[in-house]
Structure formats: structure tokens, C-alpha cells
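Chain and residue survey
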Amino acid sequence: MRDKIVVIGSLNYDIILKSSRLPECGETMPVDNAAFSAGGKGANQAVQAAKLGVPTYMVGCVGEDAQGAYLVQTAKAYGVNTDHIRTIPGVPSGMGVISALEDGSVFASIVRGANYAVTRENIDAVEPLLQQAAIVILQMEIPMEINTYAIQKAKACGCKVLLNAAPAMEIPNRYLQMCDIIVVNEVEAAFYLNTELGTVDQAREGAARMARDYSADIIVTLGKEGAVVSDQGSVTFIPAREVEAIETTGAGDSFIGGVGYALMQNMTLTEACQFAADCSAITVCRLGAQDSMPALKEVQNSI
Ligand code: RIB
């Protein structure tokens, strides 16, 4: 039975700076506080799916350092199968440095580190797992050549492929066209569409255009506004719940893990986005990425 989600992607050790603004050029600026958190888009999405109860497998690399050990241990503690995370000697673990401002905006830089040590052989090694997986979730924080190889392999193994095309970067259209679902935020959508998306109506049009261009279902997340989904050509706006957001790192990843879970329950993609919006509404009310993501009961009790 295909009851598994496989996430192929990044694990980052996040340093989250809580501050009122970004520093000016040449300025040394004290911040209100800092938090250290297990992150990386791949690991975050895997943790959310696992917390919701899906058998979830993570494929990726960490460095042979304290941060790498912490990232594996945290993912495992949240229920992710970590057997396919390799530890790479002599390379630092991936890292995220994130400024989280009071208005909820987030400015993030990532250090690739061991995430760029994922190889084709690592993907080949999990082929038996892919044969049992319903959904493979990918992002763009491992080498592009490996990501495109993984997309092809996952399709050949009969999996549904969800690509979180983030961070936005050039990827040949033919690979996007192989994906079943592509998820982007408004900034990433602007990159792929080569036009700004300033309003929900523009996001609707953008999602519809991406759906046509890539023959895929499309989700454009819009932060505290919500998300737009193009599901089999039908475009729907899913408003976000109004909550007192504390910090939004990983909110998009929580959404994607939620979509993965909901699709495994045979929800339509539009229904899955509604469920996912409930997950990320909880995630933004707490600090950090993985630590703040809800378990299934919590989501169900919040609805
Ligand atoms: O989506 C949030 C994540 O992006 C952070 O955890 C950071 O590590 C980057 O990968």
C-alpha cells in the first residue's frame, strides 16, 4: 500500500533574530532576542506531515557537527524516519539566518552546507522507498541537478510529485511540467511569472497562468492573506484565519506538510489547502519552525 510521504530536501540549523527592523548598512544593531531552531524547508515539511501522523521519510544530508546531530535528532523526535539522512564529514550543516520583524515579515538567508552533498546515488538508494510512497515532496535547497533527477525518479516510481519551487531559481520548464503540484509564495510566483502579484486577483490570474504553462495544479501562498489554489483548472481563494501571529518562519512549510497529510486522506487539493491553512494558522502563533507546528488533534480542535 502506498501510505508514505518521502521528502527529499534540506535540513538547516536556523538562527531566528526577533527585531523591530533590519540594520542599516554599516550599523551594528542589537536585537530583542534570538532563537535557535531546527529548520530547512525539507525537514520542516517532513516534520509537519509526521506530526499529523503520516509515515514520513526524509532524504538529505547534514554535516558531521553538533548542528547536524541536532537536526537529525529533532526530526526523529517528531516522528520522521531519518534512516536516509546521511552525515557528511568535513562539511558544515546547512544553516538559516532569519530576521523576523514585528509585523510578521521575514528576511532569510541560507548557507547551503551539507544540503549540497546530496547525490544521484542517494536518490537511487531510496528507489524501493519511492515504490511505496504516495507523494514525494521536493524544494529547491539541494542541487538543481539532483532535484530534477529526483523529480524524474519519483515520477518513474509512480509517485505524485509536489514541488515547493523555493527559493525561486531557474529550472527548465520540462521538469516543472512533470510535477503534479507546484507551490510558491507570492515572491516566488513573481519570479516564475515575471510579473508582480500585488492583489488576490493577480494571484488568481498568476495561479491560472502557471497551471496552463506547467500543466500542473498550483498553490500560491499569500502569507496572512491566505492562499490561491488552481485545482484541476478551478481557481479558489482560501483566506487565512485571523490570528495573533508571533513569528512566521516555517508557516509555508507547515502548509505544505498539511497539504501532504490531507491528500493522503483523499481530500481534493482545494480541501487540502483549507486544512493546511488551519495548520499554518497555529504554526505562526509560536516561535520557530518545527517546534511550532501542530499535531493532528490540535488542528482538529482548532476548527
Ligand atoms: O521555510 C523556512 C525555512 O527556509 C527555514 O527553516 C530556513 O532554514 C529555510 O530553509
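How each quantity is defined
- Position numbers for residues count from 1 along each chain, tracking the sequence in the order it is written.
- Local features in this predicted model are restricted to residues of pLDDT 70 or higher, and side-chain atom pairs are both shown and tallied only at a pLDDT of 80 or more, whereas totals for entire chains, interfaces and linings draw on every residue.
- As a rule here, side-chain values come from all non-hydrogen atoms in the structure, and water together with hydrogens is ignored.
- Counting from the N terminus, the helices are the DSSP runs of H or I reaching at least four residues and the strands are the DSSP runs of E reaching at least two.
- Computation of the radius of gyration draws on C-alpha atoms, with the globule rule given as 2.2 Å multiplied by the number of residues to the power 0.38.
- Throughout, exposure labels follow a simple rule: accessible area from a 1.4 Å probe, protein chains only, divided by the maximum for the residue type, with under 20% read as buried, over 50% as exposed, and the rest as partly exposed.
- In what follows, residue pairs with any heavy atoms lying within 4.5 Å of each other are defined as contacts.
- Think of it this way: Lys and Arg go in the positive column, Asp and Glu in the negative one, and His and the chain ends go nowhere.
- Every charge is mapped to an atom, namely NZ of Lys, CZ of Arg, CG of Asp or CD of Glu.
- Think of it this way: one heavy atom of a residue within 4 Å of a molecule or strand is enough to make that residue near it.
- In protein, a polar contact means a hydrogen-donor-capable atom and an acceptor-capable atom, both N or O and within 3.5 Å, with residues adjacent in sequence counting only if both atoms are side-chain atoms; elsewhere, any N or O pair within 3.5 Å suffices.
- Only the protein chains shown count as cover for residues, and all accessible areas are computed by the Shrake-Rupley method using a 1.4 Å probe.
- We call Asp, Glu, Lys and Arg charged. Ala, Val, Leu, Ile, Met, Phe, Trp, Tyr, Cys and Pro are nonpolar, and the rest, Gly among them, are polar.
- Any two strands with at least two DSSP bridges between them are considered paired.
- To obtain an axis, a line is fitted to C-alpha atoms, over the contacting stretch when the element is a helix, and the angle between two such axes runs from 0 to 180 degrees between their N-to-C directions.
- Just to be clear on terms, a salt bridge is a Lys or Arg side-chain nitrogen sitting within 4 Å of an Asp or Glu carboxyl oxygen.

1. Quick word on the overall build of the protein
Tallying secondary structure elements over the protein gives 11 helices and 13 strands in all. For a compact globule of 303 residues, the expected C-alpha radius of gyration is about 19 Å, and the protein comes in at 18 Å, within 12% of that figure. Projected onto its principal axes, the C-alpha coordinates of the protein cover approximately 50 × 50 × 40 Å. Going through the 303 residues of the protein one by one, you find that 53% of them count as buried. The contacts of the protein with a sequence gap of at least 6 include a subset with a gap of at least 24, amounting to 67%. Side-chain charges in the protein split into 21 positive and 34 negative, and the spacing between the mean points of these groups amounts to 6 Å.

2. Quick notes on the site of the ligand
Around the ligand, the neighbouring residues are N12, D14, G39, G40, K41, N44, I110, E141, G250 and D253. At a separation of 3.1 Å, an oxygen atom of the ligand approaches a polar side-chain atom of N44. Here D253 contributes a side-chain N or O atom positioned 2.7 Å from an oxygen atom of the ligand. When isolated, the ligand has an accessible area of 280 Å², and the protein chains bury 91% of it. Residue assignment for the shell around the ligand shows that the elements contributing at least two residues are β2 (12-19) and α1 (41-51). Residues that form the shell around the ligand fall into these classes: one nonpolar, five polar and four charged.

3. What about the sheet that holds strand β3 (residues 33-39)?
With respect to topology, four strands assemble into an open sheet ordered β3-β2-β6-β7, the strand pairing being mixed. The strands lining the two open edges of the sheet, one partner per strand, are β3 and β7 (106-111). Recorded for the sheet is a direction-independent mean angle of 20 degrees between the axes of neighbouring strands. Alignment of β2 against β3, held across seven bridges, turns out to be antiparallel.

4. With respect to the side chain of E188
Locating E188 in the fold gives a position in helix α7 (residues 186-193). Here E188 occupies a buried position and makes no salt bridge, while the nearest side chain of opposite charge, K41, is found at 5.2 Å. Not counting chain neighbours up to four residues away, the residues in contact with E188 comprise A165, A166 and A168.

5. Some words on the pairing of strand β13 (residues 234-239)
Bridge count between strand β12 (residues 226-231) and β13: six bridges; the pairing is antiparallel. Note that in β13 the partner of V228 across the bridge is F237. Between the antiparallel neighbours β12 and β13 lie two residues, among them Q232 with a positive phi of about 55 degrees.

6. A few points about the pattern of salt bridges
In total, this model carries nine salt bridges according to the counting rule given. Where E127 meets K153, a salt bridge forms, and the shortest distance between an N and an O atom there is 2.9 Å. Highlighted residues: E127 in helix α4 (residues 127-130) and K153 in helix α5 (residues 144-156), separated in sequence by 26 residues.

7. Observations regarding unusual backbone geometry
P167 follows A166 through a cis peptide bond whose omega is -5 degrees. You can see P167 is positioned in the loop between β9 (160-164) and α6 (173-176). With a phi angle near 60 degrees, N194 is a residue other than glycine that sits in the positive phi range. Inspection of the secondary structure assignment puts N194 in the loop between α7 and α8 (200-214). A positive phi angle is found at S215, which is not glycine, with a value near 45 degrees.

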